[in-house]
Amino acid sequence: MSTLAPLRLLRDPSNASEGNQSNATVGASGGWCQGLDIPNELFLALGLVSLVENLLVVAAILKNRNLHSPTYYFICCLAVSDMLVSISNLAEMLFMLLLEHGVLVMRPSIVRHMDSVIDMLICSSVVSSLSFLGVIAVDRYITIFYALRYHSIMTLQRAVVTMASVWLASTVSSTVLITYFHSNTILLCLISFFLFMLVLMLVLYIHMFALARHHLHSISSHQKPPAAHRGGSLKGAVTLTILLGVFFICWGPFFFHLILIVTCPTNPFCTCFFSYFNLFLILIICNSVIDPLIYAFRSQELRRTLREVVTCS
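An unreviewed UniProt entry annotates the protein as Melanocyte-stimulating hormone receptor of Catharus fuscescens. Turning to the protein, the UniProt record has this under Subcellular location (unreviewed entry): "Cell membrane". The Function (unreviewed entry) comment attached to the protein in UniProt states, word for word, "Receptor for MSH (alpha, beta and gamma) and ACTH. The activity of this receptor is mediated by G proteins which activate adenylate cyclase."

Engineer: Explanation requested: the nonpolar core in the structure shown.
Structural biologist: If you look at soluble globular proteins, the nonpolar side chains tend to sit buried side by side. Residues Tyr205, Phe247, Trp251 and Tyr295 are the most contacted members of the largest nonpolar core, which totals 80 residues. With 14 residues, the top contributor of residues to this core is helix H5 (residues 108-145). Look past the residues within four positions of Trp251 in its chain and what remains in contact with it is Val126, Ser129, Leu130, Leu133, Phe194, Ile284 and Asn287.

Engineer: What should I look at first to understand the side chain of Ser124 in this one?
Structural biologist: Checked against the element boundaries, Ser124 lands in helix H5. On the basis of relative accessible area, Ser124 is assigned to the buried category, the value being 11%. Not counting the four nearest positions on each side in its chain, Ser124 is found in contact with Ser170, Thr171 and Ser174.

Engineer: Help me understand helix H3 (residues 40-63) in this model?
Structural biologist: An α-helical turn contains 3.6 residues, so any two residues separated by three or four positions project in the same direction. For H3, spanning 24 residues, the distance from its first C-alpha to its last is 34 Å, which sits close to the expected 34 Å at 1.5 Å a residue. Buried-residue contacts for H3 involve helix H4 (70-100), helix H11 (277-296) and helix H12 (300-311).

Engineer: Just checking my understanding: could you explain the pattern of salt bridges for this structure?
Structural biologist: With the rule as written, the count across this model stands at 2 salt bridges. For the salt bridge of Glu301 with Arg304, the shortest nitrogen-to-oxygen distance reads 2.8 Å. On the criterion of helical spacing, the pair formed by Glu301 and Arg304 is a turn pair, its members being 3 residues apart in helix H12. Arg304 sits in the partly exposed class, given a relative accessible area of 34%. Residue Arg304 pairs with Glu308 through a salt bridge whose shortest N-O separation is 2.8 Å.

Engineer: Just checking my understanding: could you explain the side chain of Ser125 for this structure?
Structural biologist: You can see Ser125 is positioned in helix H5. Taking the relative accessible area as the measure of exposure, Ser125 reaches 0% and is therefore buried. Contact partners of Ser125, with chain neighbours within four places excluded, come to Ser81, Leu84, Val85 and Ser88.

Engineer: I'm lost on the layout of surface pockets in this one. Help?
Structural biologist: Where empty space is left in the structure can be found by rolling a water-sized probe over the atoms. Considering only enclosed or pocket space, the second largest pocket measures out at about 210 Å³ in volume. If you go around the second largest pocket, you meet 14 residues; those closest to its centre are Val127, Ser173, Ser174, Leu190 and Phe193. Taken together, the elements giving at least two residues each to the lining of the second largest pocket come down to H5, helix H7 (156-179) and helix H8 (184-220). No other element matches the 7 residues that H7 contributes to the lining of the second largest pocket. Its residues assigned to classes, the lining of the second largest pocket shows 10 nonpolar, 4 polar and no charged.

Criteria and thresholds
Residues numbered from 1 in each chain as written. Predicted model: local features only at pLDDT ≥ 70, side-chain atom pairs only at ≥ 80, totals over all residues. Heavy atoms only, no water. UniProt positions renumbered as here; feature names shortened; annotations may be inferred. Core = buried A, V, L, I, M, F, W, Y, C linked by side-chain atoms within 4.5 Å. Buried < 20%, exposed > 50% of the residue type's maximum accessible area, 1.4 Å probe, protein only. Helix = DSSP H or I, 4+ residues; strand = E, 2+ residues; numbered from the N terminus. Contact = heavy atoms within 4.5 Å. Expected span 1.5 Å × (residues − 1). Salt bridge = Lys/Arg side-chain N within 4 Å of Asp/Glu carboxyl O. 1 Å grid on protein atoms, 1.4 Å probe; cavity = no way out; pocket = protein on both sides within 12 Å on 5 of 7 lines; lining within 4 Å. Points joined across faces, edges and corners; volume = space filled by probe spheres on them. Nonpolar A, V, L, I, M, F, W, Y, C, P; charged D, E, K, R; others polar.

Quick look at the structure:
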């Protein structure tokens, strides 16, 4: 799948520098540098699955008044962000296919404007998705460590301000990124934002898991811990591993790609890595598919409402 400008620069930054000769040399040296041919049908299928999943999450939360709380509002916003990730990638793919097959004929100026709109939607959805993953981590942290004060700390008004701030910041940052996409400073800001979210989630979730372990240890010091507690500790460790593992696997390669663009755009190894950009996009779309399974569908109340939505009861 081809990517639109200026995201085309992220896909193959050597085209924007004097590294074309180096890239050609590397491409001839080994087949692994030729990249991975991912069919458009896979992008389409994953995008549709993600769209349906996250649309069901939004519908369930809006339908059930018991889910009208800051926690579920944040999960709803994450679902909307993941929907935008899917929609923007689907729109990009369909737009390029229509242009390439001559079905859609537009003036170059209109094509450039469409490029900018789709690119801005992609960047905004990526930034907002990452942001709400961090917001959900903070919300869970407050729920555990400040349980008695949670409703006074995370009021509905503060939740609304938080959501509005994330969407506004995502829109502004995506506009700046598309406008100044040639600047390494902008890419460094995006990389720093990802690293900040990664560290934030690591610290908060590990601290929450450590509290659960300490609680279990205090129980076991007075009496032999039942199998349910031992199983709960193992389940917590597995959940933590899944949360952080999915985040790092799905987002890490894309941001490592950005790091290489800044540090070594013409290095032979880097140019080989750039050829796998479509794979990194697939991983991001896969994250949009997995997020509802981790953050939404584990709620019994939401699953019950989801069945009502699906069966129209």
